[in-house]
Amino acid sequence: MKDKTPVAESKIWQFVHEKNIFLREDHLNFLMEFGFEVQNGRVQIFKNYGGDFDFEQFARVYTQNHPDMALPNGYTYFGSTFVGEAYCIEHESGKIFTYDSGERYDLVHESIAGFLLNCFLIKDYESAFANTTARQDLDLEFFTKFRSTNENGKINEATRFEDSSGQINVDSEFYSIDRQLIKLFLPRRAMVTMSGGILDQL
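Every value quoted in this text rests on a predicted model; they were computed, and no experiment measured them.

### Some remarks on the overall build of the protein
Right, on to step 1. The helix and strand inventory of the protein stands at 6 helices and 12 strands.
Right, on to step 2. Within the protein, the proportion of its 202 residues that are buried is 45%.
Right, on to step 3. For the protein, restricting intrachain contacts to residue pairs at least 6 apart in sequence, the fraction spanning at least 24 positions comes to 51%.
Right, on to step 4. When the accessible surface of the protein is summed, it comes to about 11600 Å², and 44% of that surface belongs to carbon and sulfur atoms.

In C-alpha cells form, the structure reads like this:
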C-alpha cells in the first residue's frame, strides 16, 4: 500500500456534514485508514475481495443520488462489489448488509473488522503465514464436531454470510486456536489452517 494517498479526517467530516450523513466511529476510522486513493486505480485488498469500498466511491454515491443507491433508514452506504451488490452498514450494530433501492436485504458481515479480515485473507494469504494446510471434502459430521468443540475460539465478527435460495447461510468462519488461524469454508467443505508468519508477531 505504498502508493496510497490517505483521506484526511477533516475532508471526511466536511463531506458527511454537508450531506447530513450518519457516520459510525469505526466507519470513520475505516475510511481514514483504507479509504484512500491509489495510483494504480484500486486498493489491492478490496480488489481481492471484489469491490470498491474507498472514500471516492462513498462520496460518489451520495453526490449522484441515484435511486438504485438510495439507503434504507438507519443505514449508511459502505461499498459495492464488482457484480453489482451494494453494501450498507447499520447505524446501531455496525453489521453490514446488502441493499437495493432503499430496501435492506442480506447480512454479509458482522462488523467492519470482520469484513477487513476477509479482505486480507480472501486471496494470497499464504504469503502472510509460515505454514498453511488445506483439507477438502470434509463431511457435515466433522464440521458439527469441530464447531462444537472450538466454540470458544470462534472469531464471531469474522463470519461471512451468503444468500442461498432465499436463505441466509454461513459462507465461512474463522477460529483462533493454539496460535493458529483456522478458516472453515462451508460451501466447499474445506478447512484451511494457518500458522507462523504474522501470527508470531502478535
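### Regarding the environment of Tyr-62
Right, on to step 1. Tracing the backbone shows Tyr-62 in helix H4 (residues 55-64).
Right, on to step 2. A relative accessible area of 14% places Tyr-62 in the buried class.
Right, on to step 3. Between the C-alpha atom of Tyr-62 and that of Phe-15, which follows or precedes it by 47 residues, the distance is 9.5 Å.
Right, on to step 4. Those residues in contact with Tyr-62, other than ones at most four positions away along the chain, are Phe-15, Lys-19, Ile-21, Leu-71, Thr-76 and Tyr-77.
Right, on to step 5. At a separation of 2.9 Å, a polar atom in the side chain of Tyr-62 contacts the main-chain amide nitrogen of Tyr-77.

### So, the packing of helix H2 (residues 25-34) against helix H5 (residues 112-121)
Right, on to step 1. Close contact between H2 and H5 brings their axes to 10 Å; oriented N to C, the two are set at 30°. Classified by the angle their axes make, H2 and H5 are roughly parallel. Contacts between H2 and H5 involve Asp-26, His-27, Phe-30 and Phe-34 on the former and, on the latter, Ile-112, Phe-115, Leu-116 and Phe-120.
Right, on to step 2. Split into classes, the residues belonging to the contact of H2 with H5 amount to 6 nonpolar, 1 polar and 1 charged.

What counts and what doesn't
Residues numbered from 1 in each chain as written. Predicted model: local features only at pLDDT ≥ 70, side-chain atom pairs only at ≥ 80, totals over all residues. Heavy atoms only, no water. Helix = DSSP H or I, 4+ residues; strand = E, 2+ residues; numbered from the N terminus. Buried < 20%, exposed > 50% of the residue type's maximum accessible area, 1.4 Å probe, protein only. Contact = heavy atoms within 4.5 Å. Areas by Shrake-Rupley, 256 points an atom, 1.4 Å probe, with all protein chains shown as cover. Polar contact = N/O pair within 3.5 Å; in protein donor to acceptor, adjacent residues only side chain to side chain. Axes fitted to C-alpha atoms, helices over the stretch in contact; angles between N-to-C directions. Parallel < 35°, antiparallel > 145°, perpendicular 65-115°, else oblique. Nonpolar A, V, L, I, M, F, W, Y, C, P; charged D, E, K, R; others polar.

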